Amino acid sequence: VFHVKQNFETLVRAYAGALDLFGPAVLKDWAVHENAARRYAERLPEGVRLLDVGSGGGLPGVVIAAERPDVHVVLCERRQRRAAFLRLAVARLGLGNAEVFAGDVRDFRECVGWISAQAVADLPTLVALVQHAVPDRWHLLTRRPNTWYPPGDLMNYDVELEREALDDRHDLVVLTLTARGAAR
Ligand SMILES: C[S@@+](CC[C@H](N)C(=O)[O-])C[C@H]1O[C@@H](n2cnc3c(N)ncnc32)[C@H](O)[C@@H]1O
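Residues numbered from 1 in each chain as written. Predicted model: local features only at pLDDT ≥ 70, side-chain atom pairs only at ≥ 80, totals over all residues. Heavy atoms only, no water.

Asks: How should I be thinking about the environment of alanine 66 in this particular structure?
Replies: When you line up the elements, alanine 66 lands in helix H4 (residues 61–67). On a C-alpha basis, the gap between alanine 66 and valine 12 in space is 15 Å, while along the polypeptide they are 54 residues apart. (Helix = DSSP H or I, 4+ residues; strand = E, 2+ residues; numbered from the N terminus.)

Have a look at this one:
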């Protein structure tokens, strides 16, 4: 049997309507959104484990997994139709480095040093959601308006921040969070 390797955009367009994956604005500018997801992939060190929280229809997690075979990606999504699509995408795209956690991230029971999350929650909420699943020092990749700054006090963490422009309104933000009192 001849196996045709499908591309992600084809899959998204085939299922987006029926499975409520993305809004019309994202579908209209798909290439822009897929390119933004590639920028997350470029920021990851060799061989890390990444948890993509609230993967939705696969941004940025599926694109990261496709771009970075050395990185193990867990796609976490609690909405079951979206999680089913993520499973299908992992299989059809042949992503041996990706798996799907179809549930609430609060029930995810592994420890992961790198987290990505796009359009999921504000920063304090996000930190609270993943706090049980991260080591003392961990990294978060997310998209924020370029006018955004992190809160001065983020729970029990010291925060280092790097940012780069994704477009004229949004930055890709890479936060390194170190629990106060933890050895560096
Ligand atoms: C606005 S969508 C963004 C999806 C995708 N990251 C993107 O940028 O297109 C937010 C997604 O996060 C999921 N989500 C929100 N809270 C979650 C949680 N606690 N655990 C797992 N998934 C969650 C929602 O079900 C939804 O699919």
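Asks: How should I be thinking about the site of the ligand in this particular structure?
Replies: By nearness alone, 16 residues border the ligand, and Gly54, Leu59, Glu77, Arg82 and Gln118 come closest of all. Contact between the ligand and glycine 54: a nitrogen atom at 2.9 Å from a main-chain N or O atom of the residue. Measuring from a nitrogen atom of the ligand, one finds a side-chain N or O atom of aspartate 104 at 3.1 Å. Relative to its free-state accessible area of 600 Å², the ligand is covered by the protein chains to the extent of 83%. Tallied by class, residues from the shell around the ligand come to six nonpolar, five polar and five charged. (Near = heavy atom within 4 Å. Polar contact = N/O pair within 3.5 Å; in protein donor to acceptor, adjacent residues only side chain to side chain. Areas by Shrake-Rupley, 256 points an atom, 1.4 Å probe, with all protein chains shown as cover. Nonpolar A, V, L, I, M, F, W, Y, C, P; charged D, E, K, R; others polar.)

Asks: Just to check I follow, could you spell out the packing of aromatic side chains for this structure?
Replies: The description of an aromatic ring pair uses the distance of the two centres, along with the angle that the planes make with each other. This structure, assessed with the given rule, holds six aromatic pairs. Here tyrosine 15 and phenylalanine 85 contribute two aromatic rings whose centre-to-centre distance is 5.9 Å and whose plane-to-plane angle is 55 degrees, an arrangement assigned as tilted. Here tyrosine 15 is found in helix H1 (residues 8–19), whereas its partner phenylalanine 85 is found in helix H5 (residues 80–92), with 70 residues between them in sequence. Ring geometry for phenylalanine 101 and phenylalanine 108: centres 5.2 Å apart, planes at 80 degrees, overall edge-to-face. A relative accessible area of 23% means that phenylalanine 101 is categorised as partly exposed. Classification of phenylalanine 108 by relative accessible area gives buried; the value is 2%. Three or more aromatic residues joined by ring pairs form one cluster here, namely Phe8, Tyr15, Phe22, Trp30 and Phe85. The lysine or arginine in question, arginine 144, covers the ring of tryptophan 148, its NZ or CZ lying 5.4 Å from the ring centre. For the cation-ring pair, arginine 163 lies above tyrosine 149, with the distance from its terminal atom to the ring centre recorded as 5.0 Å. (Phe/Tyr/Trp six-rings, centres within 6.5 Å; stacked < 30°, edge-to-face > 60°. Buried < 20%, exposed > 50% of the residue type's maximum accessible area, 1.4 Å probe, protein only. Lys NZ or Arg CZ within 6 Å of the ring centre and 35° of its normal.)

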